[in-house]
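Descriptive structure summary
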Amino acid sequence: MELGRLEYLQALVTEFQATDSPGEPLSCPPRSLPAAPLTRCLCPADAKEQVLANLANFAYDPQNYEHLRRLQVLDLFLDTLSEDSEALVEFAMGGLCNLCLDKANKEYILEANGVEPIINCLSSSNEETVMSAVTTLMYLSTPRSRAQTTALPVVECMLRFSLSANRRLSNLATLFLEDYCTPLQVEEARTLSKHTAVGIPLPKD
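Our subject in this report is the structure included herewith. (Residues numbered from 1 in each chain as written. Predicted model: local features only at pLDDT ≥ 70, side-chain atom pairs only at ≥ 80, totals over all residues. Heavy atoms only, no water.)

**A word on the overall build of the protein chain**
When its secondary structure is counted, the protein chain shows 12 helices and 0 strands. Moving toward the C terminus, one meets the helices and strands of the protein chain in the order α-α-α-α-α-α-α-α-α-α-α-α. Counting only residues that meet the buried cut, the protein chain has 49% of its 205 residues in that class. Within the protein chain, contacts between residues separated by at least 24 positions form 71% of all contacts whose residues are at least 6 apart in sequence. A total accessible area of about 10,500 Å² is found for the protein chain, and carbon and sulfur atoms account for 52% of it. (Helix = DSSP H or I, 4+ residues; strand = E, 2+ residues; numbered from the N terminus. Buried < 20%, exposed > 50% of the residue type's maximum accessible area, 1.4 Å probe, protein only. Contact = heavy atoms within 4.5 Å. Areas by Shrake-Rupley, 256 points an atom, 1.4 Å probe, with all protein chains shown as cover.)

If you want it as structure tokens, here you go:
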């Protein structure tokens, strides 16, 4: 009998929590449950990364949102943001980016104090992690959360990103500044930047 959607996602969560070493086999999804890909290709190097990449991909499908909340996958993604592995952080950040389009997921992340660890990902040297973090902060911006998502250090960071030679990053940062920040916030951040020698480093190309 083929696994159902919830059962398969539960198996992935269990496998992620149990996987500590590379090379362990990964469960295959049931034929009735194709993985919805992210907008980029995920190429994990070991079993734990592969499981998390699968969960991030399934977070793209609104049909999975309720199941993922029930299985506490949002907490799993948030907890993984503090991992040392750049790949795990990238996949976790990508999963959160997929999930926060949903209102209930957005509220869950905000209530779980998820903005701070997402902001911390802006300092990642991994371009995809940074892109997902910026996009997620956009999605999480509400009248209630904007004091966090557009805090002065974040706006200063976006100013630096907007000057990046990386066109994807500079365009996204410019959009953030124009659509989510007030002119006063941008001017304050620009003034701060003139008097600050060290800022959030740009990700590697």
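Now that the structure has been shown, the text picks up again.
**Some remarks on helix 12 (residues 183-194)**
Taking 1.5 Å per residue, 12 residues should reach 16 Å; helix 12 reaches 17 Å between its end C-alpha atoms and fits that length. Regarding helix 12, the residues found buried are Gln-185, Val-186 and Ala-189. Projected onto a plane normal to the axis of helix 12, the buried residues spread over an arc of 95° and lie on a single side. Seen from the open side of helix 12, the exposed residues pointing more than 90 degrees away from its buried face are Pro-183, Leu-184 and Lys-194. (Expected span 1.5 Å × (residues − 1). Arc of directions from axis to C-beta.)

**Regarding helix 8 (residues 127-140)**
With 14 residues, helix 8 extends 20 Å from end C-alpha to end C-alpha; this agrees with the ideal 20 Å at 1.5 Å per step. Where burial is concerned, most of helix 8 is hidden: 12 out of the 14 residues are buried. Every buried residue of helix 8 is listed here: Glu-127, Thr-129, Val-130, Met-131, Ser-132, Ala-133, Val-134, Thr-135, Thr-136, Leu-137, Met-138 and Leu-140. Tucked inside the fold, the buried residues of helix 8 contact helix 5 (86-99), helix 6 (103-111), helix 7 (115-120), helix 9 (146-149), helix 10 (152-162) and helix 11 (167-180). Its side-chain oxygen 2.9 Å from the backbone nitrogen of Glu-128, Asn-126 forms the N-cap of helix 8. (Polar contact = N/O pair within 3.5 Å; in protein donor to acceptor, adjacent residues only side chain to side chain.)

**Considering the nonpolar core**
With 57 residues, the main nonpolar core has Phe-77 and Met-158 as its most contacted residues. Per element, the largest residue contribution to this core is 8 residues, and it comes from helix 5. When neighbours within four sequence positions are excluded, Met-158 is seen to be in contact with Leu-122, Val-134, Leu-137, Ala-173, Phe-176 and Leu-177. (Core = buried A, V, L, I, M, F, W, Y, C linked by side-chain atoms within 4.5 Å.)

**Details of the packing of aromatic side chains**
On inspection of all chains with the given rule, the structure shows 2 aromatic pairs. Summarising the aromatic geometry, the rings of Tyr-8 and Phe-58 are spaced 5.6 Å apart at their centres and angled 75° between planes, so their arrangement reads as edge-to-face. Highlighted residues: Tyr-8 in helix 1 (residues 5-18) and Phe-58 in helix 2 (residues 47-58), separated in sequence by 50 residues. Accessibility assignment for this pair places Tyr-8 and Phe-58 in one class, buried. (Phe/Tyr/Trp six-rings, centres within 6.5 Å; stacked < 30°, edge-to-face > 60°.)

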